[in-house]
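# A closer look at the structure
Spelled out, the chains give:
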Amino acid sequence: MPLRYLNLYGSRGIKIVSGEGQYVWDSNGNKYLDCHTGHGVAFLGHRNPKIVNALKEQLDVLITLSTSYESDLRDEAIKALERVVPSKYSYAYVLNSGSECVDFTLKVARKVSKKSKFVSFINSFHGRTFGAISVTWNPKYREPFKPLIGDVEFLKYNDVSSLEKGITDNVAAVIVEPVQGEGGVNPATHEFMKALRQITYERGVLLIVDEIQTGCGRTGSVWASDIFGVYGDIMLTGKALGGGFPVSVALISEEIGDLVGEGDHGSTFGANPLSLAAIKAGVDVITSDDVAGRTREAGKLIMHELSNAIGNSKMVRELRGLGLMVGAELRFDPKNVIECLQRNGILALKAGTTVVRLLPPYLINKDDITRLVSVMSRCLDEEFIRRTNVRAA
Ligand SMILES: Cc1ncc(COP(=O)(O)O)c(C=O)c1O
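Residues numbered from 1 in each chain as written. Predicted model: local features only at pLDDT ≥ 70, side-chain atom pairs only at ≥ 80, totals over all residues.

## Quick notes on the sheet that holds strand β7 (residues 171-176)
Taking strand neighbours across the sheet as the criterion, the seven strands line up as β4-β12-β11-β10-β7-β5-β6 in an open arrangement whose pairing is mixed. Two strands close off the open sheet at either side, each with one partner strand: β4 (89-95) and β6 (152-155). Averaged over all neighbouring strand pairs, the angle between strand axes comes to 20°, with direction disregarded. Note: β4 against strand β12 (residues 248-253), six bridges, orientation antiparallel. Considered in β12, the bridge of Y91 is made with I252. (Pairing = 2+ DSSP bridges. Helix = DSSP H or I, 4+ residues; strand = E, 2+ residues; numbered from the N terminus. Axes fitted to C-alpha atoms, helices over the stretch in contact; angles between N-to-C directions.)

## A few points about the domain arrangement of the protein
Taken domain by domain, the protein consists of domain 1 (16-47 + 290-392) and domain 2 (49-288). Listed by partner, the interface residues are 25 residues for domain 1 and 27 residues for domain 2. Those elements that place two or more of their residues in the side of domain 1 that touches domain 2 are α12 (291-310), β13 (316-322), β14 (325-330) and β17 (355-358). Looking at which element gives the most residues to the side of domain 1 that touches domain 2, the answer is α12, with five residues. Of the residues in the side of domain 1 that touches domain 2, the class split is 13 nonpolar, seven polar and five charged. (Domains from an automatic or database assignment. Contact = placed C-beta atoms within 7 Å. Nonpolar A, V, L, I, M, F, W, Y, C, P; charged D, E, K, R; others polar.)

## Notes on the packing of α12 against helix α14 (residues 366-392)
A packed helix pair is summarised by two numbers, namely the angle formed by the two axes and the spacing between the axes. α14 packs onto α12 with a crossing angle of 30° between their chain directions and a minimal axis gap of 10 Å. When the interaxial angle is binned, α12 and α14 end up roughly parallel. Our pair here, α12 against α14, has a crossing hand that is right-handed. Only K366, I369, V373, M376, S377 and L380 of α14 make contact with α12, whose side of the interface consists of A298, L301, I302, E305, L306, A309 and I310. (Parallel < 35°, antiparallel > 145°, perpendicular 65-115°, else oblique. Left-handed = near helix turned anticlockwise from the far one by under 90°.)

## Overview of the nonpolar core
A173, V174, I208, I234 and A278 are the most contacted members of the largest nonpolar core, which has 116 residues in total. Among the elements that make up this core, the one with the highest residue count is helix α11 (residues 273-288) (nine residues). Mapping this core onto the domain boundaries places at least three of its residues in each of domain 1 (16-47 + 290-392) and domain 2 (49-288). Not counting the four nearest positions on each side in its chain, I234 is found in contact with T105, V108, L206, I208, A250, L251, I252 and I256. (Core = buried A, V, L, I, M, F, W, Y, C linked by C-beta atoms within 7 Å. Buried ≥ 20, exposed ≤ 12 C-beta atoms within 10 Å, placed from the backbone.)

## Considerations on the site of the ligand
In the vicinity of the ligand there are 15 residues, among which G98, S99, G127, I212 and Q213 approach most closely. For the shell around the ligand, the leading source of residues is helix α4 (residues 98-113), giving three residues. Within the shell around the ligand, the residues separate by chemical class into three nonpolar, nine polar and three charged. (Near = placed C-beta within 6 Å.)

## Looking at unusual backbone geometry
P147 follows K146 through a cis peptide bond whose omega is 5°. In this fold, P147 is placed in the loop between α6 (139-142) and β6. Here the phi dihedral of C216 falls at roughly 70°; this positive angle occurs in a residue that is not glycine. Mapped onto the elements of the fold, C216 is located in the loop between β10 (206-210) and α9 (224-228). When the 29 C-beta atoms within 10 Å are taken as the criterion, C216 is described as buried. If you check the backbone angles, K239 has positive phi at about 35° while not being a glycine. Assignment of secondary structure puts K239 in the loop between β11 (234-237) and β12. In this structure K239 comes out as buried when scored by C-beta crowding, with 27 C-beta atoms within 10 Å.

Now the structure itself:
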C-alpha cells in the first residue's frame, strides 16, 4: 500500500509552491493575495527577510539544545520579548504550538490554584490537543473524543451577567480570546473584558488571555490586551511570532511563575535555538517596522472600503473585526464565496458557520485592498445570482 498523507483539513485544490510578503503562488504560476496565511501564521509576511536571515545564520551554528544548558541566544530572545510584552508578566516559557501552550497553562492553573474547574466561552477556540479541545466550544471538535479533562463551563461571550453567575470561587481559571478568531471574528467589548478581570480578581480565579491569534500586532496594537487595558495572569502567543517557524510562548506573572517548578512541564523541541532565533527576529520586525501602526491603518481602510462596497448588501449580516482580523458575516455558508475569492486570486478562510475571515499580512497595501474589495463584491454578486437561479429552478 502506498503511504498517503492523512489530511484532516479539507483540500483547497491548488498547490502552493512559493510565497513572498503578502502573496503566494501556485504551481500554475497564479498569484494570490494571502488572507489565509496558514491560519494566520504569515502575518509578518511570507519569508520575512529578517526572520529568514536569522534562521539561516542559526542553522550554521546550532539547531538543537536542551534548556538544561545555559544559552546566550535564549537570554537574547527573552530580552527581545521583554521589549514588547506587558510588564505584568515576569516569566516566559517557550513551546512549539498554540495548543501545547494552552495545555501547559491549564496544568499550571490547576497546580497553582489546587482547583480543577475551567471556564471558557461559547464560540471559543483554543486548539486541538486534549486540554485545548476541552476548553474549545465547538461540540464538533469535542464530542468524538470524550471524556475530556473534566469540569468546563462555557459562558456567553460579551455577557457580563453570565460572568457574575458562572465565575465562582471553585474555578481554577478562565480562558478568553480578546477577539474570537475561529469562532467567528467576534471582538470582545471593553465592558466585558474589564468585568472579566475584575470578577476573576475578586474571586481568586486565574485569567488566561489567549492572544495566539490576536497577538504580535494583528489587532492594530502589539497585544489586544493593550487595547482593553486588561491583562491576565497568563498570556499566550504563537502563530505570527516566529514568521512561520513553529513557536508559542506562555507569559506568566511573577506570583504564578514562582509556583511552577522543575518537572511540571517539558518539551523536547521547546525553546530550540531555531525557534529562539525566530522569536528574536520576529520581535525585531514587530518593533522596527511599526507592524501595529501599519495594521491599524490597513485595517481601517479595509473596513471602510468593505463597508462602502458590501456593507448594505442583503447577503451580508455584519462586517466586524479589529485591525487585520476582519470578518464578513454572511447570511449563509460562505463556502462558495471563499471558492470564488480563490478563483480570483484571494485566499481567505471560514470562521464560525457563516463568516468569511481575512487574516492578511501587515504588508497588505492600498492596491491589494482595492482588489480584495472588488473581488469580494463580485463574488457576492455571483453567489446572489447562483442562489436566485437555484430558487427559480
Ligand atoms: C486563539 C487560538 N488559540 C489556540 C490555537 C491553537 O494553536 P495551534 O494550532 O498552533 O495549536 C489557535 C489556532 O487557531 C487559536 O486561534
